[in-house]
Amino acid sequence: MAKVTISSVIDAPVEKVWARIRDFNDLPGWHPRMVESHIEDGKDAAAIGCVRNFQLASGARIREKLLDFSDDNFLVSYSILETPQPLTNHKATLQLRRVTDGDRTYAEWTASFDAAPEDADKLAEGMGANVFQGGFNALKSHFAGQS
């Protein structure tokens, strides 16, 4: 099983960062690599088990199922149901935590998945750099200069 963990500190209060990312269907609203998303079957985007179907800027489509969602813990967990990437048994969690020093946010995005040994490191590296760190960089840019 491959694992990837990326963390970052965002110069904004945890409530503001959570408000920006909490909508499971609004990935394109804050992540530059995502261009379109919808929740299948008309379900609520916070309903455990709902499936988001989104398109990457590359044109690829991905389907993900919401596994856990908590406004109290600033947490969302999901699994990939369909992806063009050669991976299976994917589970990821994005969690925010309050940093009291400066009223900032500690963000951590983790994932585990199965992949062929020759693909695992490259997939983990791409997921970490492009998806997770790319999302954090977009959030940091969004909140830069805001108080």
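Refer to the structure presented above.
Presented here is an overview of the structure given in this document. Model, not experiment: these values are computed from the prediction.

**Examining the sheet that holds strand 5 (residues 75–82)**
In spatial order, the strands read 1-7-6-5-4-3-2; together these seven strands make up an open sheet with antiparallel pairing. With partners counted over all chains shown, the strands left at the sheet margins are strand 1 (2–10) and strand 2 (34–39), one partner each. The mean angle between the axes of side-by-side strands here comes to 25 degrees, regardless of whether they run parallel or antiparallel. Of the pairings in the sheet, the one linking strand 5 to strand 6 (residues 88–99) comprises four bridges and is antiparallel in character.

**Let's talk about the nonpolar core**
Residues Phe 24, Leu 96, Trp 109, Phe 132 and Leu 139 are the most contacted members of the largest nonpolar core, which totals 42 residues. In terms of residue count, helix 3 (residues 117–143) provides more of this core than any other element does, eight residues in total. Every residue in contact with Phe 24, bar those within four places of it in the chain, is listed here: Ile 39, Ala 45, Cys 50, Arg 52, Glu 64, Lys 65, Leu 66, Val 76 and Tyr 78.

**Here we look at the pattern of salt bridges**
Counting across every chain of the model gives seven salt bridges. Linking Arg 22 and Asp 71 is a salt bridge whose minimum nitrogen-to-oxygen distance equals 2.8 Å. Taken together, the residues Arg 22 in the loop between helix 1 (14–21) and helix 2 (27–30) and Asp 71 in the loop between strand 4 (61–70) and strand 5 connect sequence positions 49 residues apart. By relative accessible area, which is 35% here, Asp 71 ends up partly exposed. Taking the shortest distance from any N to any O, the salt bridge between Arg 104 and Asp 101 comes out at 3.8 Å. On the accessibility criterion, Asp 101 (57% relative accessible area) is exposed. Several salt bridges converge on common partners, so that one network encompasses Glu 40, Arg 63 and Glu 82.

**Focus on unusual backbone geometry**
The backbone of Asn 89 sits at a positive phi, close to 50 degrees, despite the residue not being glycine. Residue Asn 89 is classed as exposed on the basis of its relative accessible area, which comes to 54%. Here the phi dihedral of Asp 103 falls at roughly 55 degrees; this positive angle occurs in a residue that is not glycine. With respect to the element layout, Asp 103 can be found in the loop between strand 6 and strand 7 (104–114). Residue classification places Asp 103 among the partly exposed positions, given a relative accessible area of 40%.

**Here we look at the side chain of Arg 63**
For Arg 63, the position within the fold is in strand 4. At 2.7 Å, the side chain of Arg 63 and the side chain of Glu 40 are in polar contact. Within polar-contact distance, the side chain of Arg 63 engages the side chain of Glu 82 at 2.7 Å. Residue contacts for Arg 63: discarding those within four places in its chain leaves Glu 40, Val 51, Arg 52, Asn 53, Ser 79, Ile 80, Leu 81 and Glu 82.

**A closer look at the environment of Val 9**
Structurally, Val 9 is set in strand 1. Given a relative accessible area of 37%, Val 9 falls into the partly exposed group. As for Val 9 and Tyr 78, which are separated by 69 residues in sequence, their C-alpha atoms are 22 Å apart. With sequence-adjacent residues up to four places away left out, Val 9 is seen in contact with Arg 104, Thr 105, Tyr 106 and Lys 140.

**A look at the pairing of strand 7**
Where strand 1 lies against strand 7, nine bridges are found, and the strand directions are antiparallel. Pairing of Thr 5 across the sheet is with Thr 110, part of strand 7. Both strand 6 and strand 7 contribute to a ladder of ten bridges, which runs antiparallel. Across the sheet, Gln 95 pairs through a bridge with Glu 108, a residue of strand 7.

Criteria and cut-off values
- Residues numbered from 1 in each chain as written.
- Predicted model: local features only at pLDDT ≥ 70, side-chain atom pairs only at ≥ 80, totals over all residues.
- Heavy atoms only, no water.
- Pairing = 2+ DSSP bridges.
- Helix = DSSP H or I, 4+ residues; strand = E, 2+ residues; numbered from the N terminus.
- Axes fitted to C-alpha atoms, helices over the stretch in contact; angles between N-to-C directions.
- Core = buried A, V, L, I, M, F, W, Y, C linked by side-chain atoms within 4.5 Å.
- Buried < 20%, exposed > 50% of the residue type's maximum accessible area, 1.4 Å probe, protein only.
- Contact = heavy atoms within 4.5 Å.
- Salt bridge = Lys/Arg side-chain N within 4 Å of Asp/Glu carboxyl O.
- Polar contact = N/O pair within 3.5 Å; in protein donor to acceptor, adjacent residues only side chain to side chain.

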